Protein chains: 2
Amino acid sequence: MLEPSLDLYGATFDKVDVVLSDLLVKSHARYALIVDRTGFVLMHQRAVWAPKPPSLDSLATLIASNYSANAAIAKLFGEDGFRETVQQGTDVGTYLEELGDKALLVTVFDASAPLGKVKLFTKKAVEQIRFLLEGVDEPRPTFEPDQAWSDDTGALLDGLFTERTHP
Amino acid sequence: MLEPSLDLYGATFDKVDVVLSDLLVKSHARYALIVDRTGFVLMHQRAVWAPKPPSLDSLATLIASNYSANAAIAKLFGEDGFRETVQQGTDVGTYLEELGDKALLVTVFDASAPLGKVKLFTKKAVEQIRFLLEGVDEPRPTFEPDQAWSDDTGALLDGLFTERTHP
């Protein structure tokens, strides 16, 4: 089964969330996403003023597959991959930077954000997130079904499978 | 059959060739290519000091297919495609700009070329090439087999199919 390759949870998740919000405020970008290289959205933030984003799952899948395709071009020149990619359309642009060897940080901006600022603050955010991920010694959350969970589930199943009593 | 979608020949070809050489000198980029969106190399230039490039046909095919894939991301944001794309690896980078709706101008540069210069002179080259292509009223070259061609081909075929006389 495909699974996200980077685990973000607990206090680290909250800290990275703050870094993304901060990036949006400082760069005036629309959205910031952390995308797994297999195509999952790991985290995302949207600026308060930004329009509703398109499907982030579609975006993450396209970004991850294009990243791999572009790595093929980089390999022609003896590079492992392209560290950063900027794409500019008439109004909307994307800036993508590698976040370790498993994920990508993607900033989506429009004409209201100067590209220089987007690059600068995305680079800073990448550094901060890398630092946060390196320091993770938090135990991975585990799921331990207790008596209350067991009772609740039993009751739910009984409700589903008990014969209906007609009035 | 797949055919290049842009015709470059005669005086226009020579003029565009000069624009590409000029781009390389001014920006200190390694290679400049005009790539058809279906994946053909239409023209290319290499700086005299640049190392031997990788297979340009492979490069053109990858660039054209990635351009289309990236257009899918642009469409999510209501754009037709990304006008320009910059990709930077550790040493080598590519800068890609749309050249009309059929071709792309790709500049490949390394750490010795400042990105600002690469962008500036690629943009100027795009403008010049667009202008040159708009003014094309040269007739498309045609192939008219004449008597000499007919005689030569006849002799060639005779040579190929005549029985070998053993000495």
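Residues numbered from 1 in each chain as written. Chains lettered and ligands numbered in written order. Predicted model: local features only at pLDDT ≥ 70, side-chain atom pairs only at ≥ 80, totals over all residues. Heavy atoms only, no water.

**Quick word on the confidence of the model for chain A**
Rules: Residue-level confidence of the predictor is summarised by pLDDT, bounded by 0 at the bottom and 100 at the top.
Averaged over chain A, the pLDDT score is 87; the fraction of residues at 70 or greater is 91%. As a predicted assembly, this complex carries a pTM of 0.77 together with an ipTM value of 0.74.

**A short note on the pairing of strand 5 (residues 103–109) of chain A**
Residue and element names in this part refer to chain A. Test applied: Relative accessibility under 20% of the residue-type maximum defines a buried residue, over 50% an exposed one, and the middle range a partly exposed one, all with a 1.4 Å probe and only protein chains included. Numbering of helices and strands runs from the N terminus, with a helix taken as a DSSP run of H or I at least four residues long and a strand as a DSSP run of E at least two residues long. Any two strands with at least two DSSP-identified bridges between them are counted as paired.
A large share of strand 5 lies buried, amounting to 7 of its 7 residues. Residues Ala103, Leu105, Thr107 and Phe109 of strand 5 are buried on one face, and the alternating residues Leu104, Val106 and Val108, pointing to the opposite face, are buried as well. Across 6 bridges, strand 1 (residues 31–36) lies against strand 5 in antiparallel orientation. Its bridge partner being in strand 5, Leu33 is matched across the sheet by Val106. Hairpin connection, strand 4 (residues 93–99) to strand 5: the antiparallel pair is bridged by 3 residues, and Gly100 has positive phi, about 70°.

**Some details on the pattern of salt bridges**
Residue and element names in this part refer to chain A. Filter applied, for reference: Take a side-chain nitrogen of Lys or Arg and a carboxyl oxygen of Asp or Glu: if they are within 4 Å of each other, that pair is a salt bridge.
A full pass over the atoms with the stated rule returns 14 salt bridges over all chains. Its salt-bridge partner being Arg30, residue Asp110 comes within 2.9 Å of it at the nearest N-O pair. Of this pair, Asp110 sits in the loop between strand 5 and helix 3 (115–134) while Arg30 sits in the loop between helix 1 (10–27) and strand 1, and the two are 80 residues apart along the sequence. With a relative accessible area of 12%, Arg30 lands in the buried category. Of the charged contacts, one joins Lys123 and Glu84 as a salt bridge, the two residues approaching to 2.5 Å between their closest N and O atoms. One end of the pair, Lys123, is in helix 3; the other, Glu84, is in strand 3 (residues 84–88), and 39 residues separate them in sequence. Glu84 gets classed as buried once you look at its relative accessible area, which sits at 5%. Taken together, the shared-partner salt bridges in this structure form one network comprising Arg83, Glu84, Glu97, Lys119 and Lys123.

**A word on the relation of the copies chain B and chain A**
In this arrangement, two copies of a chain are superimposed by a rotation about an axis accompanied by a shift along the axis. What counts here: Only residues with pLDDT of at least 70 in both copies count here: their C-alpha atoms drive the least-squares fit that superposes the copies. Here, residues are in contact when the closest pair of their heavy atoms is within 4.5 Å.
For the pair chain B and chain A, the superposition axis carries a translation of 0.0 Å, the fit reaches an RMSD of 0.2 Å, and the rotation angle comes to 179°. Both copies are brought into coincidence by an operation consistent with a two-fold rotation axis. Closest to the rotation axis within chain B is the C-alpha of Val86(B), separated from it by 2.6 Å. The overlap is high: 100% of the interface residues of chain B also sit at the interface in chain A, so the same surface is used on both sides.

**Focus: the sheet that holds strand 3 of chain A**
Stated precisely, the cut-off is as follows: All axes are obtained by fitting lines to C-alpha atoms, using only the stretch in contact for helices, and the reported angles, taken between N-to-C directions, cover 0 to 180 degrees.
Ordered by their spatial adjacency, 10 strands build an open sheet running 2(A)-1(A)-5(A)-4(A)-3(A)-3(B)-4(B)-5(B)-1(B)-2(B), and the pairing between neighbours is antiparallel. The sheet terminates laterally at strand 2 (41–46) of chain A together with strand 2 (41–46) of chain B, the two strands that pair on one side only. The sheet shows a mean angle of 10° between the axes of neighbouring strands, taken without regard to direction. Relative to strand 5 (residues 103–109) of chain B, strand 4 (residues 93–99) of chain B runs antiparallel, the two sharing 7 bridges. Bridging from a neighbouring strand, Leu96(B) pairs with Val106(B) of strand 5 of chain B.

**Observations concerning a nonpolar patch on the surface**
Residue and element names in this part refer to chain A. The condition is simple: Patch membership is restricted to residues that have no salt bridge and whose relative accessible area is over 30%. Joining uses 9 Å for like charges and 5 Å for the nonpolar side chains Val, Leu, Ile, Met, Phe, Trp and Tyr. For every accessible area listed, the method is Shrake-Rupley and the probe measures 1.4 Å; residues are considered covered only by the protein chains on display.
A cluster of nonpolar side chains, namely Leu156, Leu157, Leu160 and Phe161, defines an oily patch on the protein surface of about 480 Å² accessible area. Mapped onto the elements of the fold, Leu157 is located in helix 4 (residues 147–161). For Leu157, a relative accessible area of 42% corresponds to the partly exposed category.

**Notes on the packing of helix 1 (residues 10–27) of chain B against helix 3 (residues 115–134) of chain B**
Residues and elements named next belong to chain B. Basically, it comes down to this: Orientation is classified from the angle alone, with under 35 degrees giving roughly parallel, over 145 giving roughly antiparallel, 65 to 115 giving roughly perpendicular, and any other angle giving oblique. Amino acids outside the nonpolar list (Ala, Val, Leu, Ile, Met, Phe, Trp, Tyr, Cys, Pro) and the charged list (Asp, Glu, Lys, Arg) are all regarded as polar, and Gly is one of them.
The geometry of helix 1 relative to helix 3 is characterised by a closest axis approach of 9 Å and an angle of 170° between their N-to-C directions. By the angle between their directions, the pair helix 1 and helix 3 is classed as roughly antiparallel. Contact with helix 1, carried on its side by Thr12, Lys15, Val16, Val19, Leu20, Leu23, Lys26 and Ser27, involves Lys117, Val118, Phe121, Thr122, Ala125, Gln128, Ile129, Leu132 and Leu133 of helix 3 and no other residues of that element. Considering only residue class, the contact of helix 1 with helix 3 consists of 10 nonpolar, 4 polar and 3 charged.

**Observations regarding the packing of aromatic side chains**
Remark: the centre distance and the inter-plane angle together describe each pair of aromatic rings, the angle taken between the planes. Inclusion rule: For Phe, Tyr and Trp, rings pair up if their centres lie within 6.5 Å, where Trp contributes its six-membered ring, and each pair is then called stacked (planes under 30 degrees apart), edge-to-face (over 60) or tilted (otherwise).
By the definition in use, this model includes 2 aromatic pairs over all chains. Where Tyr31(A) meets Phe77(B), the ring centres are 6.4 Å apart and the plane angle is 20°; that geometry is what we call stacked. You can see Tyr31(A) sitting in strand 1 and its partner Phe77(B) sitting in the loop between helix 2 (56–76) and strand 3 (84–88), one on each of two chains. Overall, Tyr31(A) belongs to the buried group, its relative accessible area being 3%. Look at Phe77(B) and you get buried, because its relative accessible area is 13%.

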